[in-house]
Amino acid sequence: MIRKKVLVTGGAGFVGSHLCERLLREGNEVVCLDNYFTGQKQNVVHLLDNPYFELVRHDVTMPFFIEVDEIFNLACPASPIHYQYNPIKTIKTSVMGAINMLGLAKRIKAKVLQASTSEVYGDPKVHPQVESYWGHVNPIGQRSCYDEGKRAAETLFVDYHKQNKVRIKIIRIFNTYGPRMHPNDGRVVSNFIVQALHNKDITIYGDGSQTRSFQYVDDLIEGMIRLMASGEEFTGPVNIGNPNEFTIIELAEKVIKLTGSKSNIVRMPLPSDDPTQRQPDISLAKKELGWEPKVQLEEGLIRTIDYFKSIV
Ligand code: NAD
Ligand code: UDP
């Protein structure tokens, strides 16, 4: 067996912790780098006994030197309330983090994967979203620090590939949920589940007719692993998400049903630039990676509800 050395930035976050777990399970050596802005040691504490796991407190906006075979660059707050808390830091994390990880990959000849997002499509005018769509993004709005930061990071990845032959992979992740989302993370699935479990009001922003397509975290991790292992000529960007689309009201109703909650639904103002619809076209992932999601919403919600029951 070949034991690869893998660096995961943002490894103590929700997605990163599942990725570290999976990489270790496959027999790799994992270095998890995080500044604990939205992630927590708690997410990876169960991995600390593994001699092939290492935890490093570091900020990706600062250079980092290490010898590894592969880099998964996930460091960046992902929830709107967290990425809008310090927007300058958010865009610095995406852009300087990308430059630092690409510079490292170039020097040590590592393969590097960027965790990009469906947010690069903004409030899309093409539905479902295909990778060739350039997006409809406000450059000066509330979400811009995240959206434009991730778009600039994609540009940097593609240019390092063209100019310096760095081996890159770009994954565009659609809304993902599952165990280890932070209960105060502010994203819709965790908010609704925590509210439902406490029989508190379920907060729907706007009229709840906006849509999202929710992917269970295990499906995302499978997509990430397959993309990293794919042939060198395939760089992406590639959409990884579950194409089943739901309105936010439908999600609220499902969560109430599955938790047996007595919560009421209340309306709150819709944040500006909140995308009205989102659904991935996953033809490219199917063709290039033989990937498609396996866990549908109810099943994934049940597993996530069980997790939140165990911690709240
Ligand atoms: P998360 O907030 O749980 O994880 C992000 C991690 O990055 C945290 O552990 C945080 O502490 C760390 N981090 C933030 N800034 C950092 C910095 N400057 N230096 C070092 N570490 C830093 O979010 P997540 O849902 O796990 O998202 C992981 C990645 O996937 C992010 O890049 C996000 O943009 C991307 N993504 C996630 C989703 C989703 O639905 N979960 C969708 C699209 C894209
Ligand atoms: N949302 C909501 N109530 C909440 C949290 C979010 O209605 O308590 C809505 C939000 O306005 C958006 C959708 O749910 O339309 C998804 O929000 P999230 O922050 O999870 O992700 P993103 O907007 O980045 O897709």
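Placed above this text is the structure.
Residues numbered from 1 in each chain as written. Chains lettered and ligands numbered in written order. Predicted model: local features only at pLDDT ≥ 70, side-chain atom pairs only at ≥ 80, totals over all residues. Heavy atoms only, no water.

1. A look at the site of ligand 2
The environment of ligand 2 is formed by 17 residues, the closest being Val188, Thr203, Arg212, Asp274 and Arg278. Between ligand 2 and Arg212 there is a distance of 2.7 Å, counted from an oxygen atom to a side-chain nitrogen or oxygen. With the chains in place, 95% of the 520 Å² that ligand 2 exposes on its own is no longer accessible. For the shell around ligand 2, the secondary structure elements donating two or more residues are helix H5 (188–197) and strand S8 (202–205). Across the shell around ligand 2, the residue classes tally to six nonpolar, five polar and six charged. (Near = heavy atom within 4 Å. Polar contact = N/O pair within 3.5 Å; in protein donor to acceptor, adjacent residues only side chain to side chain. Areas by Shrake-Rupley, 256 points an atom, 1.4 Å probe, with all protein chains shown as cover. Helix = DSSP H or I, 4+ residues; strand = E, 2+ residues; numbered from the N terminus. Nonpolar A, V, L, I, M, F, W, Y, C, P; charged D, E, K, R; others polar.)

2. Brief notes about the packing of aromatic side chains
Per the counting criterion, the structure on display carries six aromatic pairs. Arranged with centres 4.3 Å apart and planes meeting at 5°, the rings of Tyr83 and Tyr146 form a pair that is stacked. Linking Tyr83 in helix H2 (residues 80–83) with Tyr146 in helix H4 (residues 144–164), this pair joins segments that are 63 residues apart in sequence. Neither Tyr83 nor Tyr146 differs from the other in exposure class; each is buried. Seen in terms of ring centroids, Tyr307 and Phe308 are 5.2 Å apart; in terms of plane orientation they differ by 75°. Their pairing is edge-to-face. Through a chain of ring-to-ring contacts, three or more aromatic side chains come together here, namely Tyr121, Tyr133 and Phe174. Its guanidinium or amino end placed over the ring of Tyr52, Arg3 lies 3.7 Å from that ring's centre, counting from NZ or CZ. (Phe/Tyr/Trp six-rings, centres within 6.5 Å; stacked < 30°, edge-to-face > 60°. Buried < 20%, exposed > 50% of the residue type's maximum accessible area, 1.4 Å probe, protein only. Lys NZ or Arg CZ within 6 Å of the ring centre and 35° of its normal.)

3. Here we look at the sheet that holds strand S5 (residues 111–117)
Spatially, seven strands are ordered S3-S2-S1-S4-S5-S6-S11 in an open sheet, and the strand pairing comes out parallel. Looking at which strands have only one partner, the edges of the open sheet turn out to be strand S3 (53–57) and strand S11 (238–240). When strand polarity is set aside, the average angle formed by the axes of neighbouring strands in this sheet is 20°. With five bridges joining them, strand S1 (residues 5–9) and strand S2 (residues 29–34) adopt parallel strand pairing. Looking across to S2, one finds that Val8 is bridged to Cys32. (Pairing = 2+ DSSP bridges. Axes fitted to C-alpha atoms, helices over the stretch in contact; angles between N-to-C directions.)

4. Some words on the nonpolar core
With 57 residues, the main nonpolar core has Leu19, Phe72, Met224 and Leu301 as its most contacted residues. Among residues more than four places away in sequence, those in contact with Phe72 are Val6, Leu7, Val8, Thr9, Leu19, Leu23, Leu113, Met224 and Met228. Ranked by size, the runner-up nonpolar core spans 24 residues in total, among them Val31, Leu33, Val68 and Ala153. (Core = buried A, V, L, I, M, F, W, Y, C linked by side-chain atoms within 4.5 Å. Contact = heavy atoms within 4.5 Å.)

What is shown is where atoms sit, not what they do.
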